[in-house]
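In case you want the letters, here they are:
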Amino acid sequence: MESILRIREHISQSLERYQVGSAIFYLAFITYLVGHFMSGTMYILVFGDNLQYRIWLVACLLALFKIILFNSYRTWQDASVVVLIGLVIWASCLNTNSWDMIYYYIMIVAAQDMKFQNIVKVFLTITITLVLITFISAKLGIIMGLTNVRDGSTDLRYALGMVYPTDLAARLFYIELFYVVLRKFKLNLSEYVIWGAVIAFGYIVTNTRLDALLMLMILVVSLLRKQVISVLKRLSVGGISVVAGMGIATIVGITYLYNPNNFILNKIDGVLSGRLHFGHIAFERFNVQFFGQVIQQVGNGGLHGRAYDYFFIDCSYIRVLMMNGLVSFILLMILILGLIRYFLSVKSYTLVLALLFVILSSVIDQHLLEISFNCLFLAVFADITYFKNDELNRLYV
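Throughout what follows, the structure given in this document is the object of discussion. (Residues numbered from 1 in each chain as written. Predicted model: local features only at pLDDT ≥ 70, side-chain atom pairs only at ≥ 80, totals over all residues. Heavy atoms only, no water.)

1. A closer look at the overall build of the chain
Next up, step 1: Counting secondary structure elements, the chain contains 15 helices and two strands.
Next up, step 2: Within the chain, contacts between residues separated by at least 24 positions form 75% of all contacts whose residues are at least 6 apart in sequence.
Next up, step 3: Summing over all exposed atoms, the chain offers an accessible surface of approximately 19100 Å²; the carbon and sulfur share of this is 65%. (Helix = DSSP H or I, 4+ residues; strand = E, 2+ residues; numbered from the N terminus. Contact = heavy atoms within 4.5 Å. Areas by Shrake-Rupley, 256 points an atom, 1.4 Å probe, with all protein chains shown as cover.)

2. Examining the nonpolar core
Next up, step 1: Core analysis: the largest hydrophobic core is formed by 131 residues, its most contacted members being Phe-29, Phe-116, Ile-119, Leu-177, Tyr-317, Phe-377 and Leu-378.
Next up, step 2: Non-local contacts of Ile-119, meaning those with residues more than four positions away in its chain, are made with Phe-25, Tyr-26, Phe-29, Ala-111, Met-114, Leu-378 and Ala-382. (Core = buried A, V, L, I, M, F, W, Y, C linked by side-chain atoms within 4.5 Å. Buried < 20%, exposed > 50% of the residue type's maximum accessible area, 1.4 Å probe, protein only.)

3. So, the pattern of salt bridges
Next up, step 1: Summed over all chains, the structure comprises two salt bridges.
Next up, step 2: Between Arg-183 and Glu-191 there is a salt bridge, with its nearest N and O atoms 3.0 Å apart. (Salt bridge = Lys/Arg side-chain N within 4 Å of Asp/Glu carboxyl O.)

4. What about the packing of helix 2 (residues 20-39) against helix 3 (residues 44-70)?
Next up, step 1: In contact at an axis separation of 8 Å, helix 2 and helix 3 are set at 160° when each is read in the N-to-C sense. The angle between the axes of helix 2 and helix 3 places the two elements in the roughly antiparallel class. Along this stretch, helix 2 crosses helix 3, giving a crossing that reads as left-handed. From helix 2, Val-20, Gly-21, Ile-24, Phe-25, Leu-27, Ala-28, Thr-31, Tyr-32, Gly-35, His-36, Met-38 and Ser-39 reach across to helix 3, where they touch Ile-44, Gln-52, Ile-55, Trp-56, Val-58, Ala-59, Leu-62, Ala-63, Phe-65, Lys-66 and Phe-70.
Next up, step 2: When its residues are assigned to classes, the contact of helix 2 with helix 3 shows 16 nonpolar, six polar and one charged. (Axes fitted to C-alpha atoms, helices over the stretch in contact; angles between N-to-C directions. Parallel < 35°, antiparallel > 145°, perpendicular 65-115°, else oblique. Left-handed = near helix turned anticlockwise from the far one by under 90°. Nonpolar A, V, L, I, M, F, W, Y, C, P; charged D, E, K, R; others polar.)

5. Notes on the packing of aromatic side chains
Next up, step 1: Tallying each qualifying case throughout the model produces 19 aromatic pairs.
Next up, step 2: Judged by centre distance (6.3 Å) and plane angle (75°), the ring pair of Tyr-174 and Phe-373 falls under edge-to-face. Of the two residues, Tyr-174 is situated in helix 7 (residues 165-182) and Phe-373 in the segment after helix 15 (349-361); the sequence distance between them amounts to 199 residues. Across this residue pair, the class does not change: Tyr-174 and Phe-373 are buried.
Next up, step 3: Each ring, one from Phe-185 and one from Phe-357, has its centre 6.4 Å from the other, and the planes form 15°; the classification is stacked. In this pair, Phe-185 is assigned in the loop between helix 7 and helix 8 (189-206) and Phe-357 in helix 15, connecting sequence segments 172 residues apart.
Next up, step 4: A relative accessible area of 4% means that Phe-357 is categorised as buried.
Next up, step 5: Site record: aromatic cluster; members linked through ring pairs are Phe-123, Phe-173, Tyr-174, Phe-178 and Phe-373.
Next up, step 6: One cation-aromatic arrangement involves Arg-171 over Phe-373; the distance from NZ or CZ to the ring centre is 3.9 Å. (Phe/Tyr/Trp six-rings, centres within 6.5 Å; stacked < 30°, edge-to-face > 60°. Lys NZ or Arg CZ within 6 Å of the ring centre and 35° of its normal.)

6. Points about helix 5 (residues 100-110)
Next up, step 1: Counted residue by residue, helix 5 has 11 buried out of 11 residues, so it is predominantly covered.
Next up, step 2: Of the residues making up helix 5, those classed as buried are Asp-100, Met-101, Ile-102, Tyr-103, Tyr-104, Tyr-105, Ile-106, Met-107, Ile-108, Val-109 and Ala-110.
Next up, step 3: Tucked inside the fold, the buried residues of helix 5 contact helix 2, helix 3, helix 4 (76-96), helix 13 (316-324) and helix 14 (326-345).

7. Digging into the packing of helix 2 against helix 6 (residues 116-139)
Next up, step 1: At their nearest, the axes of helix 2 and helix 6 sit 10 Å apart, and the two run at 30° to each other. Considering the relative orientation of helix 2 and helix 6, their crossing is right-handed. Judged by residue contacts, Phe-25, Tyr-26, Phe-29, Ile-30, Leu-33, Val-34, Phe-37 and Met-38 of helix 2 engage Asn-118, Ile-119, Val-122, Phe-123, Ile-126, Thr-127, Leu-130, Val-131 and Thr-134 from helix 6.
Next up, step 2: Among the residues forming the contact of helix 2 with helix 6, the class breakdown is 14 nonpolar, three polar and no charged.

8. Some words on the environment of Trp-90
Next up, step 1: Take Trp-90: it is sitting in helix 4.
Next up, step 2: C-alpha of Trp-90 to C-alpha of Ser-328: the two residues are 238 residues apart in sequence and 9.9 Å apart in space.

9. A few points about the side chain of Gln-366
Next up, step 1: Structurally, the position occupied by Gln-366 is in the segment after helix 15.
Next up, step 2: Relative accessible area serves as the criterion here: at 14%, Gln-366 is assigned to the buried category.
Next up, step 3: Those residues within four positions of Gln-366 in sequence are excluded, and the remaining contacts are Asp-167, Phe-312, Ile-313, Asp-314, Ser-316 and Arg-319.

10. Regarding unusual backbone geometry
Next up, step 1: Notably, Phe-185 is not glycine yet its phi reads approximately 60°, a positive angle.
Next up, step 2: You will see that Ser-236, though not glycine, has its phi angle at about 60°, which is positive.
Next up, step 3: The class of Ser-236 is partly exposed, set by a relative accessible area of 35%.

11. Details of the environment of Asp-155
Next up, step 1: Locating Asp-155 in the fold gives a position in the loop between strand 1 (147-149) and strand 2 (156-158).
Next up, step 2: Residues Asp-155 and Thr-206, 51 residues apart in the sequence, show an inter-C-alpha distance of 9.5 Å.

12. Considering a nonpolar patch on the surface
Next up, step 1: Residues Val-288, Phe-290, Phe-291, Leu-326, Ile-330 and Ile-334 make up a contiguous nonpolar surface patch of roughly 540 Å² in combined accessible area.
Next up, step 2: Position of Leu-326 among the secondary structure elements: in helix 14. (Patch = residues over 30% accessible without salt bridge, like charges linked within 9 Å, V, L, I, M, F, W, Y side chains within 5 Å.)

13. With respect to helix 3
Next up, step 1: An ideal rise of 1.5 Å per residue puts 39 Å on 27 residues; helix 3 reaches only 34 Å between its terminal C-alpha atoms.
Next up, step 2: At Asn-50, helix 3 shows its maximal kink, close to 55°. (Expected span 1.5 Å × (residues − 1). Bend = angle between axes of the 7 residues up to and from the residue.)

14. Examining the side chain of Thr-31
Next up, step 1: Position of Thr-31 relative to the elements: it lies in helix 2.
Next up, step 2: Residue classification places Thr-31 among the buried positions, given a relative accessible area of 19%.
Next up, step 3: Only 2.6 Å separates the side chain of Thr-31 from the backbone oxygen of Leu-27, close enough to count as a polar contact.
Next up, step 4: Non-local contacts of Thr-31, meaning those with residues more than four positions away in its chain, are made with Ile-55, Val-58, Ala-59 and Leu-62. (Polar contact = N/O pair within 3.5 Å; in protein donor to acceptor, adjacent residues only side chain to side chain.)

In structure tokens form, the structure reads like this:
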């Protein structure tokens, strides 16, 4: 065993002179980003599901190669914990037949020592490029550009090549969020104007109120950055963890207890566009399993050649709890609370704010563990030096 480790160490040190480890990671990351992004567009009808999973598998194998050859651990116990968590997540993915969580986890581990600001730059470059390609493809008729209306409304909602208008709105939200993260929530006047125009465009095209509100909140937080950081300091780790934990527990609790005859819950459900109602149906139809289960869902996204009974779980927390199981849900909560402590310990208020926005968005969207939307969790093992003490640091991008 020792001889094998020595050979591995020699090979990795030789290759790192040429930054091979970084190259493999970014190749895996870009491959997974492209495959995952295209699966959320109408290109899925052109290429089919099989190509998507093959791309994901290639990305996963590249990431595993980087982990095996270039990752380092202080002790065997640390490495064993990483493997054990991976096996638990893999077991839940086998049961639920949904692989986002395990692929994301492998990318998290593979991101060890990668500079997180560079990860965000790659994420923004690839995502914005793919959004533009999707828009152009829909306009040229290469793929379908779906049009949708809400129940009881005549307002048209456009997906512009995505599988559903809310997916487009969520993509715009995450692009804005990570752009502002890269800028450490310090924007100039022209950037406020540009993002104001993007928010107006997203709202007019998709008619998605909640995502537009979240995007506006990002700009407001940027304007009030010093005051918001002051509040975070006063709350400290305990206060922010309680707020985040209670917020997630509340949305899970009121979803479980939802009753259309309850005036308050019914009003909340209206604000959340029926998310409590359909989340509650999941609790009625299925029990919470330790390691997940298959839950067949039919959303409004894509094309339907026949009449269908709509049922879709939008809230990320309910999805993880019901689909991936109680163990995966607990791991997710440990991850979120652990990141709050980690980011605050190095005074990375930018990443704390980003995490709070991700937590809030995940109440209404299912994209928490979808890497082409949210890449924040890659910061777990990545190098976040750029964001440390960012209340004092000058801005370098």
